[in-house]
Amino acid sequence: RKEVEQDPGPFNVPEGATVAFNCTYSNSASQSFFWYRQDCRKEPKLLMSVYSSGNEDGRFTAQLNRASQYISLLIRDSKLSDSATYLCVVTDSNYQLIWGAGTKLIIKP
Amino acid sequence: SQTIHQWPATLVQPVGSPLSLECTVEGTSNPNLYWYRQAAGRGLQLLFYSVGIGQISSEVPQNLSASRPQDRQFILSSKKLLLSDSGFYLCAWSPRGDSPLHFGNGTRLTVT
């Protein structure tokens, strides 16, 4: 089993819809969780950290479920500019970052 | 504010040639520094990370090496490039191990 798993997609979603991704992790001792977005041929950029109580930033909501060992990202009212690959990152017990392979999102007009 | 600079943006090198990619961070002290590689359509592969000057940890044995001659400078090198070294090389920094990483713009390397 991979340490961090994501559905590679692509998710084809109409503009304005709500879309959600999950990311599962295998190490129950994981401490920190993040979502990044990566545009084609660009570097990954931090989208948001994921806190235990869940957190929201505009149209984006991140949640952590420690019992089931997954994090989620919800995007509401999706825009064409949300098209990207979304990477989840989890730290292990040594604070090393473990990256998922990413979920590709395509927002269609 | 902190910034990270990575160059060159693109590079085409013949097989067997040497490589040197440089990364510098400004606006912070004693950052953790990282080199990643991303093959086309694939995930991020950690190559090296450093928690201080002269301290380099290698994650993947290969013909690449890294050095940290100064606190905020991280260099990725190879004596002889292979075709399989082609990819998107990303330098990143973080203030400490459990913080998110911040990436440079990356270097797209094509070995011909």
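Refer to the structure printed above.
Report follows, based on the coordinates. Please read these numbers as outputs of a predicted model, since none were measured by experiment.

### With respect to the interface of chain A and chain B
Across the contact, 16 residues belong to chain A and 19 residues belong to chain B. In this structure, the connection of chain A to chain B is made through zero salt bridges. Run the count over chain A and chain B and you get four residue pairs in polar contact (both at pLDDT 80 or more). Listed by contribution, the elements that provide at least two residues to the side of chain A that touches chain B are β4 (33–38), β5 (44–49), β9 (84–91) and β10 (97–99) of chain A.

### Topic: the sheet that holds strand β3 (residues 19–25) of chain A
All names here are of chain A. Here five strands make up an open sheet; going across it, the order is β1-β3-β8-β7-β6 and the pairing antiparallel. Looking along the sheet, the strands with just one partner apiece sit at the ends: β1 (4–6) and β6 (55–57). Adjacent strand axes in the sheet meet at a mean angle of 20° when their direction is disregarded. Taken together, the six bridges between β3 and strand β8 (residues 70–75) define a ladder with antiparallel strand orientation. The residue bridging Ala20 from the neighbouring strand is Leu74, located in β8.

### Looking at the state of the cysteines
All names here are of chain A. Per the counting criterion, the structure on display carries two disulfides over all chains. Cys23 shares a disulfide with Cys88; S-S distance 1.7 Å. On the sign convention where negative means left-handed, the S-S torsion of about 45° between Cys23 and Cys88 marks this disulfide as right-handed. Highlighted residues: Cys23 in strand β3 and Cys88 in strand β9, separated in sequence by 65 residues. The same class applies to Cys23 as to Cys88, namely buried. For the unlinked cysteine Cys40, the closest cysteine sulfur is that of Cys88, found at 20 Å. The exposed category is assigned to Cys40, whose relative accessible area is 68%.

Rules used throughout
- Residues numbered from 1 in each chain as written.
- Chains lettered and ligands numbered in written order.
- Predicted model: local features only at pLDDT ≥ 70, side-chain atom pairs only at ≥ 80, totals over all residues.
- Heavy atoms only, no water.
- Contact = heavy atoms within 4.5 Å.
- Salt bridge = Lys/Arg side-chain N within 4 Å of Asp/Glu carboxyl O.
- Polar contact = N/O pair within 3.5 Å; in protein donor to acceptor, adjacent residues only side chain to side chain.
- Helix = DSSP H or I, 4+ residues; strand = E, 2+ residues; numbered from the N terminus.
- Pairing = 2+ DSSP bridges.
- Axes fitted to C-alpha atoms, helices over the stretch in contact; angles between N-to-C directions.
- Disulfide = S-S within 2.5 Å.
- Buried < 20%, exposed > 50% of the residue type's maximum accessible area, 1.4 Å probe, protein only.

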